[in-house]
Amino acid sequence: MNELKKYFPIFQKNPKIVYLDSGASAQKLQSVIDAMDDFYTQTYANIHRGLYKWSEVSSEMYDAVREKVAKFIGAKSPSEIVFTRGTTDAINLLAGSYSKLLMAGDEVIVSELEHHSNMLPWKNLENEKGVRVKFLPVLGDGNFDYAWLKQNVGERTKLVCVSGQSNVIGIKNNIPEIVKIAHQVGAKVLIDGAQLTVHSAVNVSRDDIDFYAFSGHKIYGPTGIGVLYGKLDLLKQMPPYQLGGDMVESVSFDNVVFKEPPSKFEAGTPPIAEVVGLGVAVDFLMNIGMDNVEREGAELTSYAIQRLSKIDGVHIISGKDSNSIVSFYIDGISSFDVGTLLGSRGICVRVGKHCAEPLHHRFGIDSSIRLSFGIYNDETDVDRFIEELEKVLLLLR
C-alpha cells in the first residue's frame, strides 16, 4: 500500500524517514489538514448556538460527522456517539459516570494486557468506592484465558473492560466470546478500540458491544478528539461526567434538566475543527475498505516477523495472529540503546513498556522494542528497518 504515502505530506518532506510508531500516533492525511484549515478560515463558529450562517454550517458539519462515525463502527444511532478528547478521556468518562451506578463490592474485570488508560481508571474505583478489580490472565501465547473468565464472572461482575487489540503484541481478542461470557451474568462490556479501530472493521451492534472507545489521532485524524460509543439505553441511565454549557435543557436555582445523550456528555465548547478532521479520516478509511486495511496489515506483520526471526538473539513476543504490531527484545542488549541508535538513522520505533507495564511483567521482561505499522508502510520500510537494525547490533554486541 506504499502508494498511500502520497496522501501524507510529512513523507513528502521527509522521504528518508521510516515511521514505525503509528501505534503511538499515526501521521496525518493532507485532506484532514486541509479540511481543518478550510473550516477555520471559511466557516468557523461555535455550534448549536448561533442563528447566523457560519454557526449553522458549523453545526451541520459537526453533526454530520457523528453520523459518519456511527456508520463506521456499526452503531444503530448517531445518538450513541459521544465525542471526547481521545480514548483515555472516553474511558475516564465511562468510569466517572458509570461508577455512580456501582456499589462497594461490585466487580470490574480488566486484563493483564491492558494499556494503563484502561486499567488505572478502574483501579481508582477501588479506593473511591470499594469496587473490586479482577485481572483476566493472559496465556503464554498472548491470548486471554477464556476458561478463567468463564469461572470468575458472577452476579457481582458489572463490567468487563478489555482491549480489542493489544497495543504491545498486536493480538486481536475474541470480542464475541468476551461479550457472550459477560452478558450471561448481566455484566456490560467496554472494548478499548484504540488499536483495533485503525486495523480492522468494527461493528458494535453485530457484536453486541455495550461500550466502545477510540481516538482520532490513531486513525490518521487530529489529536484531541475521540469517541465513546454506548448503547443508547445505557447512556440514558448514566449521569453526566462534566457540567457546563450546551448539555442542559433548562437551568434554574431550583432545578436542572439535562439533555438526552449524547449532548449531556459534551459539556462546553467541543473540539469542532477536530471533529471535522475526524470525519475526513473516517471517510478515507471507509473508501479504502477496512477489510483491505486488515489484510494488508496482516501480510506486512507476517513479513516483519519472518525477517526478525532470522536475527540471532531476537525474541518476538507478538504472535502469528498479530496485526500491524510487532514487539520484541534482544538478549543482552538495551531496548533503549537500540531505539536511540535506530532513531539517529531515521528509523522511528517505540521502546519501553508502552504504557502496559503489567504485561511486560507477565512476560518477565523490562522493556520491548515495538514496530507498529500504518497504511503508508510496506515491505521496503521493513527491509530498511532490518538493514539498520543489523548495523546497530554490530555496534552494540
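Note: the structure precedes this text.
So, a few notes on the structure that sits alongside this text. (Residues numbered from 1 in each chain as written. Predicted model: local features only at pLDDT ≥ 70, side-chain atom pairs only at ≥ 80, totals over all residues. Heavy atoms only, no water.)

## So, the overall build of the chain
Where we set the bar: Helix numbers and strand numbers start at the N terminus; a helix is a DSSP run of H or I with at least 4 residues, a strand a run of E with at least 2. Exposure categories follow from relative accessible area, calculated using a 1.4 Å probe and restricted to protein chains: below 20% of the type maximum is buried, above 50% is exposed, and the middle band is partly exposed. It only takes one pair of heavy atoms within 4.5 Å for two residues to be counted as in contact. For the area figures, the Shrake-Rupley method with a 1.4 Å probe applies, and any residue is considered shielded solely by the protein chains shown.
Scanning the chain from N- to C-terminus turns up 14 helices and 15 strands. Taken along its principal axes, the extent of the C-alpha atoms in the chain is 75 × 55 × 35 Å. The buried share of the chain, reckoned over its 397 residues, is 55%. The contacts of the chain with a sequence gap of at least 6 include a subset with a gap of at least 24, amounting to 69%. Only carbon and sulfur atoms are counted for the fraction: they give 50% of the accessible area of the chain, which is about 16800 Å².

## A look at the sheet that holds strand β15 (residues 368-372)
Across a sheet, paired strands are connected by hydrogen bonds in the backbone, their directions being either parallel or antiparallel. Test applied: When DSSP finds at least two bridges between two strands, those strands are taken to pair. The axes are straight lines fitted to the C-alpha atoms, using for helices just the contacting stretch, and the angles between their N-to-C directions are given from 0 to 180°.
One open sheet accounts for four strands, arranged β11-β12-β15-β14; its pairing is antiparallel. Looking at strand neighbours, the two that pair on one side only are β11 (314-316) and β14 (350-352), the edges of this open sheet. Here the average twist between neighbouring strands, direction ignored, is 30°. Sheet analysis places β14 next to β15, joined by three bridges and oriented antiparallel. Residue pairing in the sheet places Gly 352 in a bridge with Ser 368 of β15. Contacts from helix α11 (residues 290-308) reach β11, β12 (325-330) and β15, with the element oriented near 15° to β12.

## Let's talk about the side chain of Ser 163
Here is the rule: Between N or O atoms, a polar contact is any pair within 3.5 Å; within protein, one atom must be a potential hydrogen donor and the other a potential acceptor, and residues adjacent in sequence are included only when both atoms are from side chains.
Looking at where Ser 163 falls in the secondary structure, it is placed in strand β5 (residues 157-163). Ser 163 gets classed as buried once you look at its relative accessible area, which sits at 4%. A polar side-chain atom of Ser 163 sits 2.7 Å from a polar atom in the side chain of Glu 114. Not counting residues up to four positions away in its chain, the partners in contact with Ser 163 are Leu 113, Glu 114, His 115, Asn 118, Phe 144, Asn 173, Ile 191 and Asp 192.

## Re the sheet that holds strand β4 (residues 132-136)
Spatial ordering of the open sheet is given by β2-β8-β7-β6-β5-β3-β4, a layout of seven strands whose pairing is mixed. A single partner strand is all that each edge strand has here, and the edge strands are β2 (81-84) and β4. Geometrically, the sheet is characterised by an average inter-axis angle of 20° between neighbouring strands, direction not taken into account. The pairing of strand β3 (residues 107-111) with β5 spans four bridges and is classified as parallel.

## So, the side chain of Arg 370
Residue position: Arg 370 is located in strand β15. Of note is the side chain of Arg 370, whose polar atom sits 2.8 Å from the backbone oxygen of Asn 167. When neighbours within four sequence positions are excluded, Arg 370 is seen to be in contact with Leu 20, Asp 21, Gly 23, Ala 24, Asn 167, Ile 325, Val 326, Ser 327, Val 349, Arg 350 and His 354.

## Considering empty space enclosed by the protein
To find leftover empty space, a probe the size of one water molecule is rolled over the atoms. Cut-off, in case you're wondering: A pocket, in this scheme, is an open set of points on a 1 Å grid over the protein atoms alone with protein on both sides within 12 Å along at least 5 of 7 lines, while a cavity is a set where a 1.4 Å probe fits but cannot get out; residues line either one if an atom lies within 4 Å of a point. Grid points are joined across faces, edges and corners, and a volume is the space filled by probe spheres set on the points. In this count, Pro and Cys sit with the nonpolar residues alongside Ala, Val, Leu, Ile, Met, Phe, Trp and Tyr, while Asp, Glu, Lys and Arg are called charged and the others, Gly among them, polar.
Taken as a whole, this structure holds two cavities of 30 Å³ or more when the rule is applied. Surrounding the largest cavity, Ile 47, His 48, Tyr 62, Arg 66, Asp 246, Ser 263, Glu 266, Gly 268 and Pro 270 form its lining. Here the lining of the largest cavity is built from residues that sort into three nonpolar, three polar and three charged. In this model, the second largest cavity occupies a volume close to 50 Å³. Around the second largest cavity, the lining residues are Ser 22, Gly 23, Ala 26, Gln 195, Val 198, His 199, Lys 218, Tyr 220, Phe 373 and Gly 374. Across the lining of the second largest cavity, the residue classes tally to four nonpolar, five polar and one charged.

## Things to note about the nonpolar core
Applicable threshold: Throughout, nonpolar core names a set of buried Ala, Val, Leu, Ile, Met, Phe, Trp, Tyr and Cys residues whose side chains join them through atoms within 4.5 Å.
If you look at the biggest cluster of nonpolar residues, it comprises 73 residues, and the most contacted ones within it are Val 69, Ile 73, Ile 81, Phe 83, Tyr 212, Tyr 220 and Leu 278. Here this core takes 11 residues from helix α10 (residues 272-288), the largest share from any one element. With residues up to four places along the chain from it excluded, the contact list for Tyr 212 reads Leu 190, Ile 191, Gly 193, Leu 196, Thr 197, Val 202, Val 204, Val 227, Leu 228 and Tyr 229. With 26 residues, the next largest nonpolar core counts Ile 305, Leu 342, Ile 347 and Ile 386 among its residues.

## Focus on the environment of Pro 358
If you trace the backbone, Pro 358 turns up in helix α13 (residues 357-362). On the accessibility criterion, Pro 358 (30% relative accessible area) is partly exposed.

## Examining the pattern of salt bridges
Side-chain pairs of opposite charge can arise where the charged atoms are in close proximity. Cut-off, in case you're wondering: Salt bridge criterion: a side-chain nitrogen from Lys or Arg within 4 Å of a carboxyl oxygen from Asp or Glu.
Inspection of every chain in the model, using the stated rule, returns 22 salt bridges. Between Asp 381 and Lys 5 there is a salt bridge; the shortest N-O distance is 3.2 Å. Here Asp 381, found in helix α14 (residues 379-396), pairs with Lys 5, found in the segment before α1 (9-13); they are 376 residues apart in sequence, far enough to count as distant. We note a salt bridge from Arg 362 to Glu 112, for which the minimum N-O separation is 3.9 Å. Taken together, the residues Arg 362 in helix α13 and Glu 112 in the loop between β3 and α5 (120-129) connect sequence positions 250 residues apart. Relative accessible area serves as the criterion here: at 32%, Arg 362 is assigned to the partly exposed category. Look at Glu 112 and you get partly exposed, because its relative accessible area is 23%. Within the structure, one salt-bridge network assembled from shared partners comprises Arg 345, Arg 384, Glu 387, Glu 388 and Lys 391.

## A look at a nonpolar patch on the surface
Formally: Patch membership needs two things, relative accessible area over 30% and no salt bridge, and members are linked within 9 Å if like-charged or within 5 Å if nonpolar (Val, Leu, Ile, Met, Phe, Trp, Tyr).
On the surface, Leu 243, Val 251, Val 256 and Phe 258 cluster together to form a nonpolar patch covering roughly 380 Å² of accessible area. Its place among the elements puts Leu 243 in the loop between α9 (232-237) and β9 (248-251). Judged by relative accessible area, Leu 243 falls into the exposed class, the value being 66%.

## With respect to the pairing of strand β6 (residues 188-192)
Condition: With the strands aimed away from the viewer, a crossover counts as right-handed if its path from the first strand over the helix to the second runs clockwise.
β6 sits mainly inside the fold: four of its five residues count as buried. Strand direction decides the pairing type here: β5 and β6, joined by five bridges, are parallel. Across the sheet, residue Val 162 finds its bridge partner in β6, namely Ile 191. What joins β5 to β6 is helix α7 (residues 175-183), and the crossover it makes is right-handed. Across three bridges, the pairing between β6 and strand β7 (residues 211-215) is parallel. Each bridged residue has a counterpart across the sheet, and for Asp 192 the counterpart in β7 is Ala 213.

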